[in-house]
Structures are given as structure tokens and as C-alpha cells.
Amino acid sequence: MNEQPTLAKARDIPGLHAELRYREAAARTVEVRSRELFDHADGVLDTSDIERVHDMRVATRRLRAVLEIYEPCFPRKQLRAAIDDVKALADALGERRDPDVQLAQLDEFAAAVKPADRPGVELFAERVRSEQGSANELLAAAIAELEETDLRGRLASLAVGAEPAEPAEPEPPETESIDGDAP
């Protein structure tokens, strides 16, 4: 039986409601989606647990979508760089995910064929494992690049920058005395 992977459940955005200002919604949403992405990074290079790659890849899609939805709230240059980096990470995750899925299917197939046919399936699986290893090295490099360029910090900065500044307390109007002199 070939089961479809379950999508990583998206976290709720605390305080998100229809009356919230657009910039504030952007800040809250980007902060949560960024945290989701980095939370999935733990153990993503472990080829024995392929769902970690899937979950992180889904997190990149969600993050990229909210960055694009809230585009007007962010400085264009910083936003473009962040989106490009998230996209590059998603591409590296996709390269790793493809052989992960193939290997899972080959394991199922090998179990279903006659024992005499299993060595041929295993030979092909070895080739796919090699591709998985190469893709894992590329993924490791992509993650290292994002750490080096501080994507986490840049995303946090975007989120903070999207929050509207608190309105300043209005200053009381100056009053004039009866003789025209300021008090």
C-alpha cells in the first residue's frame, strides 16, 4: 500500500483576526512561519527519517507564500533576498525529497517481487541512495549558507519592520495667555 505523506500541520498565528492591521498581520504571520521553518531543520539531514525533509519543504512553501502575500509591508530589496533564499532552500529540499520517495517505493517494490528479482531492485536502489547522498550534501550546503547569511535574523528583521510604529502620544496644544504671550 502506497500511503501519501501527511502535511505538517501549520501553526496557528496568535492574535490573527480580521480587524488586525495588514502590517501587524504580516509581522505575526512571518514570525510564526519563519519559526516553523527553522524548527523543522533539526535532523533534516538524517536520511533515515524522510518526513523531516517533507515537513521542512512544506514550511518553505508556506513561508514563501506569506512573504509574497504581504510583499507591500516589506522593503523590496530585503524581501527579494529572503524569498530567493527560501526558494533556494526549497529547491535543495526537493532534490533531496525525490530520491527519498523513490527509495521508499523501491523498498515496497522489493518486498513484493520474487526473491530472485530482489538483487536487481537493490542494485537500482544503491544508485538512488547515491543520488540521495549527493542531494543531502547539497542540502547541507544550502542550510550552511542560510546560517552564514543569517536568514533567520533577516526574516525576524522583516517581521519587526512590518509592525507599525506605535503612534506617538499627541502633544497638548500650546495655549496662549490673554495678552498673547505663551505661558
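Since the structure is predicted, the reported quantities are computational estimates derived from the model, not experimental observations.

Describing the overall build of the protein
Part 1 of the reasoning: Counting its secondary structure elements, the protein contains five helices and zero strands.
Part 2 of the reasoning: Across the protein, contacts joining residues at least 24 apart in sequence account for 72% of those joining residues at least 6 apart.
Part 3 of the reasoning: Just so you have it, the protein exposes about 11,800 Å², and 53% of that area is on carbon and sulfur atoms.

Points about the pattern of salt bridges
Part 1 of the reasoning: Overall, the coordinates contain 15 salt bridges when judged by the stated rule.
Part 2 of the reasoning: Note that Asp91 and Lys87 form a salt bridge whose closest N and O atoms lie 3.2 Å from each other. On the criterion of helical spacing, the pair formed by Asp91 and Lys87 is a turn pair, its members being four residues apart in helix H3 (residues 76–112).
Part 3 of the reasoning: Residue Glu122 is joined to Arg129 by a salt bridge in which the shortest nitrogen-to-oxygen separation is 2.9 Å.

Some words on the packing of H3 against helix H4 (residues 118–148)
Part 1 of the reasoning: Contact pair H3 / H4: the axes reach a minimum separation of 9 Å and the direction vectors enclose 160 degrees. In terms of their interaxial angle, H3 and H4 are classed as roughly antiparallel. The interaxial crossing formed by H3 with H4 has left-handed handedness.
Part 2 of the reasoning: A per-class count over the contact of H3 with H4 returns 19 nonpolar, three polar and eight charged.

Calculation notes
- Residues numbered from 1 in each chain as written.
- Predicted model: local features only at pLDDT ≥ 70, side-chain atom pairs only at ≥ 80, totals over all residues.
- Heavy atoms only, no water.
- Helix = DSSP H or I, 4+ residues; strand = E, 2+ residues; numbered from the N terminus.
- Contact = heavy atoms within 4.5 Å.
- Areas by Shrake-Rupley, 256 points an atom, 1.4 Å probe, with all protein chains shown as cover.
- Salt bridge = Lys/Arg side-chain N within 4 Å of Asp/Glu carboxyl O.
- Axes fitted to C-alpha atoms, helices over the stretch in contact; angles between N-to-C directions.
- Parallel < 35°, antiparallel > 145°, perpendicular 65-115°, else oblique.
- Left-handed = near helix turned anticlockwise from the far one by under 90°.
- Nonpolar A, V, L, I, M, F, W, Y, C, P; charged D, E, K, R; others polar.

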